[in-house]
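# Structural characterization, general
Take a look at the letters that make up each chain.
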Amino acid sequence: MLVLVAPGQGAQTPGFLTPWLELPGAADRLGAWSDAIGLDLAHYGTQADADAIRDTAVAQPLLVAAGILSAAALGDIVPGAVAGHSVGEITAAAYAGVLDDTAALTLVRGRGLAMAEAAAITETGMSALLGGDPEVSVAHLEKLGLTPANMNGAGQIVAAGTMEQLAALNEDKPEGVRKVVPLKVAGAFHTHHMGPAVDKLAEAAKELVPGDPKVTYVSNKDGHAVATGAEVLERLVGQVANPVRWDLCMETFKELGVTALIEACPGGTLTGLAKRALPGVKTLALKTPDDLDAARELIAEHA
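Residues numbered from 1 in each chain as written. Predicted model: local features only at pLDDT ≥ 70, side-chain atom pairs only at ≥ 80, totals over all residues. Heavy atoms only, no water.

### A short note on the packing of aromatic side chains
We count it as follows: Here a pair means two rings of Phe, Tyr or Trp (six-membered ring of Trp) with centres within 6.5 Å. Their orientation is stacked below 30 degrees between planes, edge-to-face above 60, and tilted elsewhere. Remark: exposure states derive from per-residue accessible area (1.4 Å probe, protein chains only) relative to the maximum for the residue type, with buried under 20%, exposed over 50%, and partly exposed in between.
Evaluation of the coordinates by the stated rule reveals 1 aromatic pair. Each ring, one from W246 and one from F253, has its centre 5.9 Å from the other, and the planes form 80°; the classification is edge-to-face. As far as burial versus exposure is concerned, W246 and F253 are alike and both buried.

Here it is in structure tokens:
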């Protein structure tokens, strides 16, 4: 059984879309999406520097576009399940047929703008904690006023809060944590700091007519499979200010009997977590079109 997953913000790097736009039809599709949402995705995916694509309003649609393009390049596949980390859930909704491509890009454009506005209210950020006991780390974060915004499993938790709170974390790590790594994101996503963005996204979601998932859609709110498009859309709105439970998604993958995992472009983060948390599951990250042949072989064996 194959699961197709999509990464979240922070996975983007300068120029990462360049080789993908050489595939037949890719540049035209990206151009149409750019016109639809008023953002030059080709420019940001091929020419913009790291600071430009760190901007939340840019990074989020760029990641969803990359995820849809790279998955489409695999051909007409039917995975056993789909899931996404943070903004990758919108990409997964497109995979599952809950949203068409243009609707997914329109929603994520609104999401990115709303979250950028919310992030501008207070200077906030996120840091990854590597190692340690989750219960000990969560209690320590709460003592510092931080939120465990991403429970990623495989010994990784992402803390989010104000820059002062994160500075305190650097000086006072939870027992057993090897390292605290600041993330290249523009705010404390999946926390109460994103409350204003939830209201704006809820309004934008009213304009969409979701379809029910055509494959198993695993939600990162709680790792549960969601059966209706209406509930998927409701969860996409709420998760902006709620923690990501990728650890529970991976537990669900185990229960489903997943044997292989492919991570869409720009892949690497989720396959890294899966290698540690899902022993025996074959993993493949789509970084460039050079990875497509190996991915198709994996699909032939496991989809």
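### With respect to unusual backbone geometry
To be explicit about the condition: In this description a helix means any DSSP run of H or I spanning at least four residues, a strand means any run of E spanning at least two, and both kinds are numbered starting from the N terminus.
The peptide bond linking C265 to P266 adopts the cis configuration, its omega dihedral lying at -5°. Within the fold, P266 resides in the loop between β9 (260–263) and α12 (269–277). The phi dihedral of A154 is positive, around 50°, even though this residue is not glycine. Its relative accessible area of 30% is what places A154 among the partly exposed residues.

### What to know about the nonpolar core
Where we set the bar: The set of buried Ala, Val, Leu, Ile, Met, Phe, Trp, Tyr and Cys residues whose side-chain atoms join them within 4.5 Å is what this entry labels a nonpolar core. A contact between two residues is defined here by any heavy atoms of the two lying within 4.5 Å.
Core analysis: the largest hydrophobic core is formed by 80 residues, its most contacted members being L41, L99, L105, Y217, L236 and I262. Look past the residues within four positions of L99 in its chain and what remains in contact with it is A93, A94, A104, L107, L208 and L236. Judged by nonpolar contacts, the second largest core, of 18 residues, contains A81, V218, V258 and L261.

### Notes on the sheet that holds strand β6 (residues 177–182)
Quick reminder of the rule: Two strands qualify as a pair provided that DSSP identifies no fewer than 2 bridges between them. The axes used here are C-alpha line fits, helices contributing only the stretch in contact, and every angle between their N-to-C directions lies in the interval 0 to 180 degrees.
Reading across from one edge, β4-β5-β3-β6 is the order of the 4 strands in this open sheet, with antiparallel pairing throughout. In the strand order of this sheet, the two ends are held by β4 (147–153) and β6, each with one partner. Pairwise comparison of adjacent strand axes, ignoring direction, gives a mean angle of 25° for this sheet. Alignment of strand β3 (residues 124–131) against β6, held across 5 bridges, turns out to be antiparallel. Bridge pairing in β6 places A128 opposite V181.

### Some remarks on helix α10 (residues 229–238)
Of all the residues in α10, the buried ones are G229, V232, L233, R235, L236 and V237. Along its buried surface, α10 packs onto α5 (88–95), α6 (101–121), α9 (195–205), β7 (216–218) and β8 (225–226).

### Some details on the packing of α9 against α10
Between two packed helices, both the angle of their axes relative to each other and the distance between the axes serve to describe the pair. How we decide: We call two directions roughly parallel when the angle between them is under 35 degrees, roughly antiparallel when it is over 145, roughly perpendicular when it lies between 65 and 115, and oblique otherwise. By the definition used in this description, the sense in which the near helix is turned from the far one sets the handedness, with an anticlockwise turn below a right angle giving left-handed and a clockwise turn giving right-handed. Nonpolar residues are Ala, Val, Leu, Ile, Met, Phe, Trp, Tyr, Cys and Pro. Charged residues are Asp, Glu, Lys and Arg, and all others, Gly as well, are polar.
In contact at an axis separation of 8 Å, α9 and α10 are set at 155° when each is read in the N-to-C sense. By the angle class used here, α9 and α10 are roughly antiparallel. Both α9 and α10 take part in a crossing whose hand is right-handed. When α9 is examined against α10, the residues V198, L201, A202 and A205 are found in contact with a partner set consisting of L233, L236 and V237. Here the residues of the contact of α9 with α10 sort into 7 nonpolar, no polar and no charged.

### A look at the sheet that holds strand β10 (residues 282–285)
The 6 strands lie next to each other as β8-β7-β2-β1-β9-β10, forming an open sheet whose pairing is mixed. Since the sheet does not close on itself, it has two edges, and those belong to β8 and β10, each with one partner. Relative to strand β2 (residues 81–84), strand β1 (residues 2–6) is paired through 4 bridges, and the arrangement is parallel. Opposite L4, over in β2, you have V82 as the bridge partner.

### A short note on the environment of V5
Mapped onto the elements of the fold, V5 is located in strand β1. On the accessibility criterion, V5 (0% relative accessible area) is buried. Separated by 266 residues in the primary sequence, V5 and T271 place their C-alpha atoms 9.0 Å from one another. Other than its neighbours up to four places away in sequence, V5 contacts A83, W246, F253, L261, I262, E263, A264 and L270.

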